[in-house]
Amino acid sequence: MTLGHPLVDAALDDDRLGRSELRVFRVCWGLLNFEEFRSVKSDFLGLRLSLDRSQVSRALQNLCDLAYLEVGPRDEKGVGTYRLPRRVDSGVCQIHTSARVPKSRRQLRDTL
């Protein structure tokens, strides 16, 4: 199943991403763009997604480590800034279309 952008498709098919990471990525996809870094408050994401601040921080860190988000400089208030990556790494976007997606993964993908 493809949703139109290689980064979104890769995130949905990446087994390294858990439920929290996918939920945070979904919100970030709507907030961020590919050009400028924008501030993202962990508290805001936590309230929006009903997650603890630590869960949001860990999810953001994992998304950055796996190249689904890019980290920018902190803004004037000390809030972290992020953007969507301009170039999609080939390692991130290797989608295995022949592999069967486990039922639990399909259910998770369908809830997004």
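Before reading on, note that the structure itself is shown above.
These remarks concern the structure in this document. Residue indices follow the written sequence of each chain, beginning from 1 at its first position. Per-residue local features are limited, in this predicted model, to residues with pLDDT of at least 70; the limit for side-chain atom pairs, both in listing and counting, is 80 or more; totals at the level of whole chains, interfaces and linings are taken over all residues. By convention in this description, side-chain values take in all heavy atoms of the structure and omit both hydrogens and water.

Secondary structure counts use DSSP, requiring at least four H or I residues in a row for a helix and at least two E residues in a row for a strand, with both numbered from the N terminus. Secondary structure assignment for the protein chain yields five helices and three strands. Going residue by residue from the N terminus, the α and β elements of the protein chain occur as α-α-β-α-α-β-β-α. Across the 112 residues of the protein chain, 39% fall into the buried class. What makes two residues a contact is simply this: any of their non-hydrogen atoms within 4.5 Å. Relative to all contacts within the protein chain whose residues are 6 or more apart in sequence, the contacts with residues 24 or more apart total 62%. For the area figures, the Shrake-Rupley method with a 1.4 Å probe applies, and any residue is considered shielded solely by the protein chains shown. Of the roughly 7000 Å² that the protein chain leaves accessible, carbon and sulfur atoms contribute 46%. Buried means the residue's accessible area, taken with a 1.4 Å probe over protein chains only, is under 20% of the maximum for its type, while exposed means over 50%, and partly exposed covers the values in between.

Further remarks concern the packing of aromatic side chains. Paired rings are identified among Phe, Tyr and Trp, the last through its six-membered ring, by centres lying within 6.5 Å, and are further divided according to the angle between planes into stacked (under 30 degrees), edge-to-face (over 60) and tilted (the rest). Inspection of every chain in the model, using the stated rule, returns three aromatic pairs. Ring geometry for Phe25 and Trp29: centres 6.0 Å apart, planes at 40 degrees, overall tilted. One end of the pair is Phe25 and the other is Trp29, both in helix H2 (residues 19-31) and four residues apart, which spans about a single turn. The exposure class assigned to Phe25 is buried, which follows from its relative accessible area of 4%. Residue class for Trp29 comes out partly exposed when judged on its relative accessible area of 30%. Ring geometry for Trp29 and Phe34: centres 6.0 Å apart, planes at 85 degrees, overall edge-to-face. Owing to a relative accessible area of 27%, Phe34 belongs among the partly exposed residues under this scheme. In textbook terms, an aromatic cluster arises when at least three aromatic residues are bridged by ring pairs, as seen for Phe25, Trp29, Phe34 and Tyr68.

Within the largest apolar cluster, 26 residues are counted, with the highest numbers of intra-cluster contacts made by Val24, Phe25, Leu45, Leu60, Tyr68 and Leu69. Sorting the residues of this core by element identifies helix H1 (6-13), H2, helix H3 (42-49) and helix H4 (53-65) as the ones contributing at least two each. Among the buried residues, those of types Ala, Val, Leu, Ile, Met, Phe, Trp, Tyr and Cys that are joined through side-chain atoms within 4.5 Å form a nonpolar core.

This paragraph deals with the sheet that holds strand S2 (residues 70-71). Reading across the sheet, the three strands line up as S1-S3-S2 and stay open at both edges, with antiparallel pairing between neighbours. Strands at the two margins of the open sheet, each flanked by one partner only, are strand S1 (38-39) and S2. Following DSSP output, two strands are said to pair if at least two bridges run between them. Where S2 meets strand S3 (residues 81-83), two bridges bridge the pair, whose relative direction is antiparallel. Its bridge partner being in S3, Val71 is matched across the sheet by Tyr82.

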